[in-house]
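Structural features, examined
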Amino acid sequence: MSTPVDDHQHAEVTVDTATMVAITGMDAHVDLVVDTDVDEPVHPRILWSRPDTGLWAANYGGYYGGTVDRQGAHYFVSDTFGQYVGDFRSLEEAQLRLAERLHVLLPDVRRDGA
């Protein structure tokens, strides 16, 4: 008789808020947008910081959300996992596309409006 052996080791890392603020340069305060007229989940507000000229970093419900990096007349977007989202002509469009991506990538960050 054989017995299967699980030899995978799992490591879990917990980072406190002060460390995340130090790493990302983002404020620890996160506001939720609550619309009481809607029954569907409400996404957290994205807070933007500018750690450098031409670079915007997103704080999505207390989580690192990704960046918008201006290169000339283009805005390059990468998400919370460092994956390329796209190349956009305006900062507003770049930030909107990142927000849309985060709503899909981080569904557990959604909050109920109730």
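Residues numbered from 1 in each chain as written. Predicted model: local features only at pLDDT ≥ 70, side-chain atom pairs only at ≥ 80, totals over all residues. Heavy atoms only, no water.

In this structure, I46, Y60, V68, Y75, V77, A94 and L102 are the most contacted members of the largest nonpolar core, which totals 15 residues. Once you skip the residues sitting within four places of it in the chain, Y60 turns out to touch H43, P44, I46, G65, L102, H103, L106 and V109. (Core = buried A, V, L, I, M, F, W, Y, C linked by side-chain atoms within 4.5 Å. Buried < 20%, exposed > 50% of the residue type's maximum accessible area, 1.4 Å probe, protein only. Contact = heavy atoms within 4.5 Å.)

What follows concerns the packing of aromatic side chains. For the coordinates displayed, the defined rule picks out one aromatic pair. Ring centres of W56 and Y75 lie 6.0 Å apart, and the angle between their planes is 50°; on these two criteria the pair is classed as tilted. Highlighted residues: W56 in strand β2 (residues 55–60) and Y75 in strand β4 (residues 74–79), separated in sequence by 19 residues. Grouping residues by exposure puts W56 and Y75 together as buried. (Phe/Tyr/Trp six-rings, centres within 6.5 Å; stacked < 30°, edge-to-face > 60°. Helix = DSSP H or I, 4+ residues; strand = E, 2+ residues; numbered from the N terminus.)

On the basis of which strands lie adjacent, the open sheet formed by five strands has the order β1-β2-β3-β4-β5 and antiparallel pairing. Because the sheet does not close on itself, it has two edges, and the strands there are β1 (46–52) and β5 (84–88). Strand-to-strand twist in this sheet, taken as the mean axis angle between neighbours without regard to direction, amounts to 20°. Bridge analysis of strand β3 (residues 63–71) against β4 gives six bridges, and the strand direction is antiparallel. Each bridged residue has a counterpart across the sheet, and for T67 the counterpart in β4 is S78. (Pairing = 2+ DSSP bridges. Axes fitted to C-alpha atoms, helices over the stretch in contact; angles between N-to-C directions.)

Direction of pairing for β1 relative to β2: antiparallel, over a ladder of five bridges. Counted as the bridge partner of S49 is A57 from β2. Linking β1 to β2, which pair antiparallel, is a turn of two residues; within it G54 sits at a positive phi near 75°.

The next point concerns the side chain of Q95. For Q95, the position within the fold is in helix α2 (residues 91–105). With sequence-adjacent residues up to four places away left out, Q95 is seen in contact with W48, W56 and V68.

This part takes up the pattern of salt bridges. What the rule picks out here adds up to three salt bridges. For D79, the salt bridge goes to R101, with nearest N and O atoms at 3.1 Å. Here the residue D79 occupies a position in strand β4, and R101 occupies one in helix α2, the gap between them amounting to 22 residues. Residue class for R101 comes out partly exposed when judged on its relative accessible area of 27%. Between R97 and E100 there is a salt bridge, and its shortest N-O distance comes to 3.2 Å. With R97 and E100 both in helix α2 and three residues apart, the pair spans about one turn of that helix. In this structure, a network of salt bridges that share partners links the residues E93, R97 and E100. (Salt bridge = Lys/Arg side-chain N within 4 Å of Asp/Glu carboxyl O.)

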